[in-house]
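Residue-level structure breakdown
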Amino acid sequence: MGVPLIDIRGLTVDFDAGQRVVRALHGVDLAIHGGEAVGLVGESGSGKSVTWLAALGLLGNRARIGGEVLFEGRNLVGAPASDLEAVRGARIAMIFQDPSSSLNPVYRIGQQLAEALQLHRGMSGAAALAEAARLLDRVGIADATRRLRDYPHELSGGMNQRVMIAMALSGQPRILVADEPTTALDATIQAQILELLQEIRRDSAMALVLISHDLGVVAENTDRVCVMYAGRIVEDAPIATIFEAPAHPYTSGLLAALPDLEGPRRRLLAIPGVVPEPWNLPLGCSFAPRCPEFERACEAAVPPAIELVHGHRAACIHARSGSA
Amino acid sequence: MMRYLAGRLLRALLTIFLVVTFAFFVLRLSGDPALLIMSVDAPPESIEAFRKSWGLDQPIWMQYLAYIGHALTGDLGNSMRDGRPAIQLVLERVPATLAITVPAFFLKIAIGVPAGIYAALHRNSFADRLTMLLSVAGFTMPSFVLALLLVLVFSVQLGWLPSSGSEGMANAILPIVTLGAAGAAILARFTRSAMLEVLGQPYIRAASAKGLSWRRVVTEHALPNAAIPTTTIIGFMVGTLIAGAVVVESVFAWPGIGRLLVVSVANRDLAVVQTILLFVAATMVSANIIVDFVYGWIDPRMRTAPR
Ligand SMILES: Nc1ncnc2c1ncn2[C@@H]1O[C@H](COP(=O)(O)OP(=O)(O)OP(=O)(O)O)[C@@H](O)[C@H]1O
Ligand SMILES: [Mg+2]
């Protein structure tokens, strides 16, 4: 597969919360190749957002970041601000969960797009606005030239997410990280936005990282999925493998919780229990207390991720004998 | 828009009218001006004559109707003390008051706004904690206490500045500083929280994710948004330019409207007190209207309803 586009190695994040320091990421390893579409799933609080915010240095000064984020020959962890600014938006773009509040309420759509174009492509004035209109058109906004004069509050959530996507495209990035881009939108709009992301990826050879709670959404839109739990990637495999031979009981739990579209209607099997708080993790495997396959050995140590077959990693002591 | 404007104006006039009415009755029911203005041993006949000449012998609602009637023609009555028109007495004092409230107003903004922004940008730092400590001190301390402290230090101890009077510029400094410090404290705190609120918004992180430097994120994305609530508070401070210096003027014997008010209330100089209250109500109400319009102008969400 060659050298990955971005190679995150042993990424840790500690939040300084006054008296105590809370570890939110415990060594995340994640490599993404050019043009790939990778899903990142896991329950709330598992560290999906923090992984990418940390990689781009967007967590602020109360977060301490360890490990490496190798991108285009540089380590972004600890890189000077100017290096990070040159990567953000231009090389790695990110869009967020709540599009309407991710746009600045006091500026027109056109101004915000023009700002990005000025930053990444040195465009200004009429040229920037013309390009902004082209981008809006590209993301499926009708009457683009007129929409440039609108404020974010004058557009719907779905429209604003399209604007955010247009803004992300303005830098012609190598990677687009979409952090739950459709959570705040209703179902039909959600499908349209995901379709748009697919289309853009097909046309531009840009890698896509799709963060979601929903394994179903990830399965339909990506080639590979990384399952996160309590600040670690517990399984990483191609979509087909995840559905046919999940190696981690947590992944199996997420699969069991998926609504079955073809088969007879049945009750969703939510995983019993709750995600542990980051300052109160159990000994050994963080999933152990909720795991149907729990045994004493699970508490002995955090299970390392092992490669079962090429391209399939899992961090569970049962995985060795199980699917390998 | 025109309807909104007319409604706003009508509400403003109603507010002023209510203030004037309220003041009229409270003043008249709380003491007899004749007894205060005439000496204690004045013969009953002359007290009666005084009452008659000022219409105080009439039933109160008659007095009220007469007052409103005159006021509508622009006649706000005469001072019982020196007989001159109340409006003239009040207008005479306006320059002195503005001479301390206007510089104090700019002092508040010049100190309060940057301090609040700095504190927010360096949240939990030593500078932030110090700013907030001073700010709490500044607005919990009554202004006469601050005034007395300043007098103790700069007039009594150091002898640099006069403690009272109105002979020259030096006399204005302590009143200005007293007023300015209290306002700056309020404004610093307010600006800080407005700024923190904005810095926590998703569009700030999104602006950073776009690749903007932190400096540009702050100046181009955070400040314009934090300016919206801050401008509102500054606008309300405009409303206190006339009436905000009552205590300070009294402490420093500064011959402004505030001091005239205190003296006139003590003397039950009815027309003067009412004229001052009318002025105060009018400035506050105008300030509110201005704030409303500025708000609509700087915040696009106020201009257009969502589609
Ligand atoms: N600024 C912060 N300060 C302290 N803790 C934080 C901060 N941001 C995130 N965390 C913690 O880090 C952990 C991971 O959070 P993260 O936002 O990455 O979760 P997530 O997987 O994206 O969840 P969600 O699906 O709810 O978005 C959580 O326990 C969260 O409480
Ligand atoms: Mg998240």
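Parameters at a glance
Residues numbered from 1 in each chain as written. Chains lettered and ligands numbered in written order. Predicted model: local features only at pLDDT ≥ 70, side-chain atom pairs only at ≥ 80, totals over all residues. Heavy atoms only, no water. Helix = DSSP H or I, 4+ residues; strand = E, 2+ residues; numbered from the N terminus. Rg over C-alpha atoms; globule rule 2.2 N^0.38 Å. Contact = heavy atoms within 4.5 Å. Areas by Shrake-Rupley, 256 points an atom, 1.4 Å probe, with all protein chains shown as cover. Lys, Arg positive; Asp, Glu negative; His and termini not counted. Charge placed at Lys NZ, Arg CZ, Asp CG, Glu CD. Buried < 20%, exposed > 50% of the residue type's maximum accessible area, 1.4 Å probe, protein only. Pairing = 2+ DSSP bridges. Near = heavy atom within 4 Å. Polar contact = N/O pair within 3.5 Å; in protein donor to acceptor, adjacent residues only side chain to side chain. Nonpolar A, V, L, I, M, F, W, Y, C, P; charged D, E, K, R; others polar. Phe/Tyr/Trp six-rings, centres within 6.5 Å; stacked < 30°, edge-to-face > 60°. Core = buried A, V, L, I, M, F, W, Y, C linked by side-chain atoms within 4.5 Å. Axes fitted to C-alpha atoms, helices over the stretch in contact; angles between N-to-C directions. Parallel < 35°, antiparallel > 145°, perpendicular 65-115°, else oblique. Left-handed = near helix turned anticlockwise from the far one by under 90°. 1 Å grid on protein atoms, 1.4 Å probe; cavity = no way out; pocket = protein on both sides within 12 Å on 5 of 7 lines; lining within 4 Å. Points joined across faces, edges and corners; volume = space filled by probe spheres on them. pLDDT = per-residue confidence, 0-100. Domains from an automatic or database assignment. Buried area = accessible area lost by both parts, 1.4 Å probe. Salt bridge = Lys/Arg side-chain N within 4 Å of Asp/Glu carboxyl O.

Concerning the overall build of chain A
Helices and strands together make up the secondary structure of chain A, namely 12 helices and 12 strands. Taken against the 2.2 N^0.38 rule, which gives 20 Å for 324 residues, the C-alpha radius of gyration of chain A at 20 Å falls within 12% of a compact globule. Considering only C-alpha atoms, chain A reaches an extent of 65 × 50 × 40 Å along its principal axes. Partitioning the contacts of chain A with sequence separation of at least 6, the portion at a separation of at least 24 is 63%. Here chain A displays about 14200 Å² of accessible surface, and carbon together with sulfur accounts for 53% of that area. Of the charged side chains in chain A, 29 are positive and 36 negative, and the gap between their average positions amounts to 3 Å.

Some details on the pairing of strand S3 (residues 37–41) of chain A
Residue and element names in this part refer to chain A. Counting buried positions over the five residues of S3 gives five, a clear majority of the element. Sheet topology places S3 next to strand S8 (residues 207–212); five bridges connect them, and they run parallel. When the bridges of S8 are listed, Leu40 appears paired with Ile211. Pairing of S3 with strand S9 (residues 224–229), which is carried by four bridges, proceeds in the parallel orientation. Note on S9: the bridge partner recorded for Leu40 is Cys226.

Brief notes about the site of ligand 1
Residues and elements named next belong to chain A. Neighbouring ligand 1 are 13 residues, the closest being Ser44, Gly45, Ser49, Val50 and His213. Side-chain polar atom of Ser49 to an oxygen atom of ligand 1: 2.7 Å apart, as the coordinates give it. Glu180 has a polar side-chain atom sitting 2.8 Å from an oxygen atom of ligand 1. When isolated, ligand 1 has an accessible area of 630 Å², and the protein chains bury 66% of it. Here the shell around ligand 1 takes three residues from helix H1 (residues 48–55), the largest share from any one element. Looking at the shell around ligand 1, its residues break down into four nonpolar, six polar and three charged.

Considering the packing of aromatic side chains
Using the criterion set out here, one finds nine aromatic pairs over all chains in the structure. Aromatic pair Tyr250 of chain A and Phe287 of chain A: ring centres 5.1 Å apart, planes at 65°, arrangement edge-to-face. Remark: Phe287 of chain A occurs in the loop between helix H11 (249–256) and strand S11 (306–309) and Tyr250 of chain A occurs in helix H11; sequence separation between them is 37 residues. Here Tyr250 of chain A matches Phe287 of chain A in class, with each residue buried. A centroid spacing of 5.5 Å and a plane angle of 35° characterise the contact between Phe24 of chain B and Tyr67 of chain B, whose relative ring orientation is tilted.

Examining the nonpolar core
Residue and element names in this part refer to chain A. Counting residues in hydrophobic clusters, the biggest one holds 79 residues, and the most contacted among them are Ile6, Trp52, Ile92, Leu136, Ile165 and Ile175. Here this core gets seven residues from one element, more than from any other, and that element is helix H7 (residues 157–170). With near-sequence residues (within four places) excluded, Leu136 lies in contact with Ile109, Leu113, Ile141, Ala144, Arg147, Leu148, Val163 and Ala166. With 22 residues, the next largest nonpolar core counts Val41, Tyr250, Cys285 and Cys298 among its residues.

Re the packing of helix H1 (residues 2–29) of chain B against helix H13 (residues 270–298) of chain B
Geometrically, a packed helix pair is captured by the angle between its two axes and the distance between the axes. Residues and elements named next belong to chain B. In contact at an axis separation of 9 Å, H1 and H13 are set at 155° when each is read in the N-to-C sense. In terms of orientation, H1 and H13 fall into the roughly antiparallel class. H13 is crossed by H1, and the crossing has right-handed handedness. Each residue belonging to the contact of H1 with H13 can be placed in one class, and the counts come to 19 nonpolar, three polar and three charged.

A few points about the packing of helix H4 (residues 109–121) of chain A against helix H5 (residues 125–138) of chain A
Residues and elements named next belong to chain A. At their nearest, the axes of H4 and H5 sit 9 Å apart, and the two run at 110° to each other. When the axis of H4 is compared with that of H5, the two are roughly perpendicular. Contacts between H4 and H5 pair Ile109, Gly110, Leu113, Ala114, Leu117 and Arg121 from the former with Ala128, Leu129, Glu131, Ala132, Leu135 and Leu136 from the latter.

Details of the layout of surface pockets
Size it by volume and the largest pocket reaches roughly 1500 Å³. Lining the largest pocket are 44 residues, with Leu58, Leu59, Gly60 and Asn61 of chain A together with Trp214 of chain B positioned closest to its centre. At the level of elements, strand S1 (6–17), H1, strand S4 (63–71) and helix H2 (81–87) of chain A together with helix H5 (86–121), helix H8 (169–199), helix H9 (202–209) and helix H10 (214–238) of chain B are the ones that each hand at least two residues to the lining of the largest pocket. Examining the composition of the lining of the largest pocket, we find that four residues originate from one element, H9 of chain B, more than from any other. Class assignment of the residues belonging to the lining of the largest pocket gives a composition of 23 nonpolar, 13 polar and eight charged.

With respect to empty space enclosed by the protein
Inspection of every chain in the model, using the stated rule, returns four cavities of 30 Å³ or more. Of the volumes computed, that of the largest cavity is approximately 120 Å³. Lining the largest cavity are Gly89, Ala93, Met94, Ile95, Phe96, His120, Met164, Met167 and Ala168 of chain A together with Ala206, Ala209 and Lys210 of chain B. Of all the elements in the fold, those that place two or more residues in the lining of the largest cavity are strand S6 (92–95) and H7 of chain A together with H9 of chain B. Among the residues forming the lining of the largest cavity, the class breakdown is nine nonpolar, two polar and one charged.

Overview of the environment of Ala253 of chain B
All names here are of chain B. Mapped onto the fold, Ala253 is located in the loop between helix H11 (246–251) and helix H12 (257–267). Of the residues examined, Ala253 reaches a relative accessible area of 26% and is grouped as partly exposed. Sequence spacing of Ala253 and Asn171 is 82 residues, and the spatial spacing of their C-alpha atoms is 9.8 Å. Other than its neighbours up to four places away in sequence, Ala253 contacts Ser164, Gly165 and Arg259.

Overview of the sheet that holds strand S12 (residues 312–314) of chain A
All names here are of chain A. Strands sit in the order S6-S7-S8-S3-S9-S10-S12-S11 across an open sheet of eight strands; the sheet is mixed. The outermost strands of the open sheet, each flanked by one partner alone, are S6 and S11. Along the sheet, successive strands turn relative to each other by an average axial angle of 20°, direction set aside. One ladder, built from four bridges, connects S6 with strand S7 (residues 175–179); its direction is parallel. Across the sheet, residue Met94 finds its bridge partner in S7, namely Val177.

Re the confidence of the model for chain B
Per-residue confidence for chain B gives a mean pLDDT of 87; residues scoring 70 or more make up 96%. For this predicted complex, the interface score ipTM comes out at 0.90, alongside a pTM of 0.86.

Considerations on the domain arrangement of chain A
Residues and elements named next belong to chain A. Each assigned domain of chain A is listed here: domain 1 (6–91 + 173–263) and domain 2 (101–172). Taken over C-alpha atoms, the centre of domain 1 sits 25 Å from the centre of domain 2. With 17 residues of domain 1 in contact, the opposing surface of domain 2 contributes 12 residues. For the pairing of domain 1 and domain 2, the buried interface totals around 1100 Å² over both sides, and the portion due to carbon and sulfur atoms is 64%. When residues of domain 1 are sorted by the area they lose upon contact with domain 2, Pro173, Leu196 and Ile200 head the list and together hold 37% of the total. For the interface between domain 1 and domain 2, the tally reads two salt bridges. Between Glu199 and Arg138 there is a salt bridge, with the nearest N and O atoms lying 3.5 Å from each other. Joining domain 1 to domain 2, the criterion identifies four residue pairs in polar contact (both at pLDDT 80 or more).

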